[in-house]
Amino acid sequence: GENVEQHPSTLSVQEGDSAVIKCTYSDSASNYFPWYKQELGKGPQLIIDIRSNVGEKKDQRIAVTLNKTAKHFSLHITETQPEDSAVYFCAASIVGSEKLVFGKGTKLTVNP
Amino acid sequence: KAGVTQTPRYLIKTRGQQVTLSCSPISGHRSVSWYQQTPGQGLQFLFEYFSETQRNKGNFPGRFSGRQFSNSRSEMNVSTLELGDSALYLCASSLARFGQGEAFFGQGTRLTVV
């Protein structure tokens, strides 16, 4: 079955710097890749997603890139702010399925 | 527009007991998925329901079961609880009929088995 690897497990940046989180997936049939942000005591919040027919997608300070050939996708957060501190999860799902396979998460800390 | 609602938020149960968790999806969403989140295993897929039918199932023992009602509300049941079942149980709802819709999560039910 699908396996998603996520790196790094922890990431600490200064406010205003950029943060990059990378994920790789194993199943070439995967074609939907969402990213979630989870704050303490809350459920995961969908922040951006990308489908396999697109190479890059941006939403204000957040962007996601996808390399289907290499089977990896990345989350880029620019001009980080303390409120960006949270655990971020990448996920993948195959065609026609709602099942999401998640990475292990990245704890991002943005220092003021 | 109300989000995904899960009840109860917290539960403490004893080994061997059973538990039922409830999930009300976003209005209009007919797909409901359940996930187990633990520090060691992360987020793992339990099962997904669409229009009262289970469409997909993860690799969990038969003690874990679920169902969906005609109003799209869903319940999951865990029988013969074990200590290792302690986890945050998350429900997600989606609009997609054919899969891969945006999935929105509730705040979860924190289950502690003692």
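The coordinates are above.
Residues numbered from 1 in each chain as written. Chains lettered and ligands numbered in written order. Predicted model: local features only at pLDDT ≥ 70, side-chain atom pairs only at ≥ 80, totals over all residues. Heavy atoms only, no water.

**A word on the overall build of chain A**
Consideration 1: Each helix and strand in chain A was counted, giving 0 helices and 11 strands.
Consideration 2: Going from the N terminus to the C terminus, chain A shows its helices and strands as β-β-β-β-β-β-β-β-β-β-β.
Consideration 3: At 13 Å, chain A has a C-alpha radius of gyration in line with the 13 Å of a compact globule built from 112 residues.
Consideration 4: Seen through its principal axes, chain A has C-alpha atoms that stretch 40 × 30 × 20 Å.
Consideration 5: In chain A, buried positions account for 47% of the 112 residues.
Consideration 6: For chain A, contacts bridging at least 24 residues in sequence account for 53% of all contacts bridging at least 6.
Consideration 7: Working note: accessible area of chain A is about 5,500 Å², and carbon and sulfur atoms make up 49% of it.
Consideration 8: Both charge centroids of chain A, one from 12 positive and one from 13 negative side chains, sit 5 Å from each other. (Helix = DSSP H or I, 4+ residues; strand = E, 2+ residues; numbered from the N terminus. Rg over C-alpha atoms; globule rule 2.2 N^0.38 Å. Buried < 20%, exposed > 50% of the residue type's maximum accessible area, 1.4 Å probe, protein only. Contact = heavy atoms within 4.5 Å. Areas by Shrake-Rupley, 256 points an atom, 1.4 Å probe, with all protein chains shown as cover. Lys, Arg positive; Asp, Glu negative; His and termini not counted. Charge placed at Lys NZ, Arg CZ, Asp CG, Glu CD.)

**Topic: the sheet that holds strand 7 (residues 62–67) of chain A**
All names here are of chain A.
Consideration 1: One open sheet accounts for 5 strands, arranged 1-3-8-7-6; its pairing is antiparallel. The open sheet is flanked by strand 1 (4–7) and strand 6 (56–59), the only strands paired with a single partner. Neighbour-to-neighbour, the strand axes of the sheet open up by a mean angle of 15°, direction not taken into account.
Consideration 2: Examined bridge by bridge, strand 3 (residues 19–25) and strand 8 (residues 72–77) share 6 bridges and lie antiparallel to one another. Bridge assignment links Ile-21 to a residue of strand 8, and that residue is Leu-75. (Pairing = 2+ DSSP bridges. Axes fitted to C-alpha atoms, helices over the stretch in contact; angles between N-to-C directions.)

**Re the interface of chain B and chain A**
Consideration 1: On the chain A side, the residues contacting the 27 residues of chain B number 22 residues.
Consideration 2: Buried area between chain B and chain A, both sides added, is near 1,800 Å², and the carbon and sulfur share of it is 48%.
Consideration 3: Linking chain B with chain A are 0 salt bridges, by the criterion used here.
Consideration 4: Connecting chain B to chain A are 7 residue pairs in polar contact (both at pLDDT 80 or more).
Consideration 5: Broken down by secondary-structure element, the contributors of at least two residues to the side of chain B that touches chain A are strand 4 (31–38), strand 5 (42–50), strand 6 (53–57), strand 9 (87–94) and strand 10 (104–105) of chain B.
Consideration 6: Its residues placed into classes, the side of chain B that touches chain A shows 10 nonpolar, 13 polar and 4 charged. (Buried area = accessible area lost by both parts, 1.4 Å probe. Salt bridge = Lys/Arg side-chain N within 4 Å of Asp/Glu carboxyl O. Polar contact = N/O pair within 3.5 Å; in protein donor to acceptor, adjacent residues only side chain to side chain. Nonpolar A, V, L, I, M, F, W, Y, C, P; charged D, E, K, R; others polar.)

**Focus on the side chain of Ser93(B)**
All names here are of chain B.
Consideration 1: Counting through the fold element by element, Ser-93 comes out in strand 9.
Consideration 2: Looking at Ser-93, the relative accessible area reads 0%, which means it is buried.
Consideration 3: In this structure the side chain of Ser-93 is engaged in a polar contact, spanning 2.8 Å, whose partner is the side chain of His-29.
Consideration 4: Aside from chain neighbours lying at most four places away, what touches Ser-93 is Val-4, Pro-25, Ile-26, His-29, Ser-31, Val-32, Glu-102, Ala-103 and Phe-104.

**Side note on the pattern of salt bridges**
Consideration 1: Tallied over the entire structure, the rule returns 9 salt bridges over all chains.
Consideration 2: When the shortest N-O distance is used, the salt bridge between Arg63(B) and Glu82(B) registers 3.6 Å. You can see Arg63(B) sitting in the loop between strand 6 and strand 7 (64–68) and its partner Glu82(B) sitting in the loop between strand 8 (74–78) and strand 9, a full 19 residues away along the chain.
Consideration 3: Here the salt bridges do not stand alone but share partners, grouping Lys37(A), Glu39(A) and Lys42(A) into one network.

**Thoughts on the state of the cysteines**
Consideration 1: If you walk through the whole model with that rule in mind, you get 2 disulfides over all chains.
Consideration 2: In this model Cys23(A) forms its disulfide with Cys90(A); the gap between the sulfur atoms is 1.9 Å. Disulfide Cys23(A) to Cys90(A): torsion about the S-S bond roughly -100°, handedness left-handed. Of this pair, Cys23(A) sits in strand 3 while Cys90(A) sits in strand 9 (residues 86–94), and the two are 67 residues apart along the sequence.
Consideration 3: Looking at Cys90(A), the relative accessible area reads 0%, which means it is buried.
Consideration 4: Sulfur-sulfur distance for the disulfide between Cys23(B) and Cys91(B) comes to 1.7 Å. Disulfide Cys23(B) to Cys91(B): torsion about the S-S bond roughly -50°, handedness left-handed. Highlighted residues: Cys23(B) in strand 3 (residues 19–24) and Cys91(B) in strand 9, separated in sequence by 68 residues.
Consideration 5: In this structure Cys23(B) comes out as buried when scored by relative accessible area, which is 0%. (Disulfide = S-S within 2.5 Å.)

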